[in-house]
Amino acid sequence: MTARTIRLPEGFHLHELEAIDSTNDEAKRLADKGAQSGALVLARTQTSGRGRRGRAWSSPVGNLYSSLLLRPTCSLAEAARLTFLIAVSMAEAVEMVTGNQVRPDCKWPNDLMVNGRKICGILLESASNQGSATDYLVIGTGVNVAFAPDDAERPATSLSALGAPVSVDELVSTYLARIAHWLPIWEDKGFGPVREAWLSRGYGIGQPVVARLTERELSGTFVGLDDDGSLVLREDSGTEHRIGAGEVFFATGSE
Ligand code: BTN
């Protein structure tokens with residue numbers, strides 16, 4: 001394997017692997033051993049890559065698999081909003097490394113889409129100390145650089161398929177640079193600026209949406225993102241719902 005050439009902003013530490021079960025699992029193991037905030041686990045392939053809701057994440061060599069360990073000093077509820085910062089950072093990185101050829105949309109809660117097809121999935125896992133204080137967050141990102149899974153239910157695409165083959169190392173380096181750009185803004189001004197950046201790429205805003213919740217389904221229009229990151233759904237009756245967790249489906253049929 002060729003050596004990696006990753007540019008690391010100050011405060012980030014790279015844990016580079018050829019193969020691992022899951023970069024999220026490795027980042028959690030490092031966290032449990034006391035690793036510092038800013039550790040980034042990067043692997044060329046995963047043998048048990050995981051998606052949300054217990055799904056498997058196909059992990060051939062050629063795509064990007066990374067997990068970032070953060071130890072924010074806030075509640076878990078606040079810390080969970082960092083997934084929006086990660087989504088924006090990766091969307092901007094994709095746009096930059098493709099020379100503006102590919103502009104991903106941010107799909108609630110934390111996917112990136114191009115032309116209605118998924119190109120990146122984000123898996124947030126967390127651990128708390130006492131009460132609701134955050135011990136650590138692990139935010140895993142999988143980007144379809146060279147390959148996209150063949151999934152009729154959840155159509156996906158890759159940068160290669162879009163005619164924009166890029167270097168995984170260049171994408172990771174740019175992604176880290178964007179996180180390093182956004183984190184001080186987050187610390188200084190909170191969620192607001194990240195929310196605005198996310199909304200400027202928001203997928204399906206103003207469109208019909210079905211939200212599948214634990215006990216029921218809600219249909220309406222996706223009218224925006226609340227101050228706490230909840231999806232705002234307006235029913236035809238005018239009743240608005242703030243949805244903090246769940247799966248959403250748009251008319252295109254893509255999750
Ligand atoms: C999803 O869309 O369901 C989330 C997918 C997250 C995949 C990434 S790949 C790197 C990290 N390690 C994992 O096992 N999962 C995440």
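Given the structure is predicted, the values throughout are model-derived calculations rather than measurements. (Residues numbered from 1 in each chain as written. Predicted model: local features only at pLDDT ≥ 70, side-chain atom pairs only at ≥ 80, totals over all residues. Heavy atoms only, no water.)

Participant: Please explain the site of the ligand as it appears in this structure.
Facilitator: Among the 20 residues in the neighbourhood of the ligand, the closest are listed as Ser22, Gln46, Arg50, Arg52 and Lys118. Within the side chain of Ser22, a nitrogen or oxygen atom sits 2.8 Å from an oxygen atom of the ligand. With respect to the ligand, the backbone of Arg50 contributes an N or O atom lying 2.7 Å from a nitrogen atom. Computed on the free molecule, the ligand has an accessible area of 420 Å², of which 99% lies beneath the protein chains in the complex. According to the grid-proximity analysis, the pocket containing the ligand is the largest pocket. Secondary structure elements with two or more residues in the shell around the ligand: helix H1 (23–32), strand E3 (64–70), strand E6 (117–128) and strand E7 (134–143). Here the shell around the ligand is composed, by residue class, of 4 nonpolar, 12 polar and 4 charged. (Near = heavy atom within 4 Å. Polar contact = N/O pair within 3.5 Å; in protein donor to acceptor, adjacent residues only side chain to side chain. Areas by Shrake-Rupley, 256 points an atom, 1.4 Å probe, with all protein chains shown as cover. 1 Å grid on protein atoms, 1.4 Å probe; cavity = no way out; pocket = protein on both sides within 12 Å on 5 of 7 lines; lining within 4 Å. Sits in = over half its atoms within 2 Å of the grid points. Helix = DSSP H or I, 4+ residues; strand = E, 2+ residues; numbered from the N terminus. Nonpolar A, V, L, I, M, F, W, Y, C, P; charged D, E, K, R; others polar.)

Participant: Just checking my understanding: could you explain the nonpolar core for this structure?
Facilitator: Side chains of nonpolar character tend, in soluble globular proteins, to be buried together. One finds Leu85, Met90, Leu171, Ile179 and Trp198 to be the most contacted residues of the largest nonpolar core, which totals 59 residues. When residues of this core are assigned to their parent elements, the largest contribution, 10 residues, is made by helix H3 (residues 82–97). Formed by 10 residues, the second largest nonpolar core is a distinct cluster that contains Ala27, Ala35, Val41 and Tyr136. (Core = buried A, V, L, I, M, F, W, Y, C linked by side-chain atoms within 4.5 Å. Buried < 20%, exposed > 50% of the residue type's maximum accessible area, 1.4 Å probe, protein only.)

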